[in-house]
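What the coordinates show
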Amino acid sequence: MENSKYSIFKVVSFSHEEAIQKVTEELKKEGFGVLSDLNFKEILKNKLDVDLKPYRVLSVCNPPSAYKILQVEEQIGLFLPCNVIVYVNDSSQTVVAAIDPLPNMSIVGNDVVNSVATEIQGVLKKVIDRL
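Worth saying up front: this structure is predicted, and the values here are computed from it rather than measured.

Quick word on helix α5 (residues 111-130)
Because each turn of an α-helix spans 3.6 residues, side chains separated by three or four positions in sequence point in the same direction. Compared with the 28 Å implied by 1.5 Å per residue over 20 residues, the 29 Å span of α5 between its first and last C-alpha is a close match. Inspection of α5 places V113, V116, A117, I120, Q121, V123, L124, V127 and I128 among the buried residues, and these make up the whole buried set. Those residues of α5 that are buried are in contact with β2 (7-12), α1 (16-29), α3 (63-70), β5 (82-88), β6 (94-99) and α4 (101-105). A distance of 2.8 Å separates the backbone nitrogen of V112 from a side-chain oxygen at the start of α5, and that oxygen is part of N110.

Overview of the packing of α3 against α5
For the pair α3 and α5, the least separation of the axes is 9 Å and the interaxial angle reads 165°. Judged on the interaxial angle alone, α5 and α3 are roughly antiparallel. As for how α3 packs across α5, the hand of that crossing is left-handed. Along the contact surface, α3 presents S65, K68 and I69, while α5 presents V112, V113, V116, E119 and I120. Considered class by class, the residues forming the contact of α3 with α5 number five nonpolar, one polar and two charged.

Considering the pattern of salt bridges
Applying the stated rule across the entire model yields nine salt bridges. Of the charged contacts, one joins E30 and K126 as a salt bridge, the two residues approaching to 3.9 Å between their closest N and O atoms. Of this pair, E30 sits in the loop between α1 and β3 (33-39) while K126 sits in helix α5; the two residues are 96 residues apart in sequence, bridging distant segments of the chain. Measuring nitrogen to oxygen at the nearest pair gives 3.0 Å for the salt bridge that ties E30 to R130. On the criterion of sequence distance, the pair formed by E30 in the loop between α1 and β3 and R130 in helix α5 is long-range, its members being 100 residues apart.

Conventions adopted
Residues numbered from 1 in each chain as written. Predicted model: local features only at pLDDT ≥ 70, side-chain atom pairs only at ≥ 80, totals over all residues. Heavy atoms only, no water. Helix = DSSP H or I, 4+ residues; strand = E, 2+ residues; numbered from the N terminus. Expected span 1.5 Å × (residues − 1). Buried < 20%, exposed > 50% of the residue type's maximum accessible area, 1.4 Å probe, protein only. Contact = heavy atoms within 4.5 Å. Polar contact = N/O pair within 3.5 Å; in protein donor to acceptor, adjacent residues only side chain to side chain. Axes fitted to C-alpha atoms, helices over the stretch in contact; angles between N-to-C directions. Parallel < 35°, antiparallel > 145°, perpendicular 65-115°, else oblique. Left-handed = near helix turned anticlockwise from the far one by under 90°. Nonpolar A, V, L, I, M, F, W, Y, C, P; charged D, E, K, R; others polar. Salt bridge = Lys/Arg side-chain N within 4 Å of Asp/Glu carboxyl O.

Set out below in C-alpha cells:
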C-alpha cells in the first residue's frame, strides 16, 4: 500500500472487474455502501468517442460517519461521499485507490470532522491493504 498527498492506493494482482468486486466486499465489511459506480471508460466513449483504459469511480459512504459530520458542518457534503477508484494504469496493472479524507477535510478546521476523517482514513487504509 502506498500514499500520495491525497490518496491511499495499491497495485493489485487481479483483474479490473475482480478488483471492483473485492473492494466493494471489503468496504461492505466496514459499513460502507457504494452509492454510485461511474464507468469513465464507457462515459467518455459515449460522450467523446475516445478510448480509455478501464477506469471506474465508486462513490462510497459510511452513513453513521456522514451523519456525524453533517451535524457539525452543513457544507461538508462538498467532500462527501468518499471516492474509490479502480483503474488499469499504463503498465496494464490494476490499481485501487481511495481518497485520503484527512488531508482533504482538515481544511475545514473542525475537531469533530478531523476525528471522523482520521477514523475513515484508518478504515480505508485497512480496506486497501486487505486487497
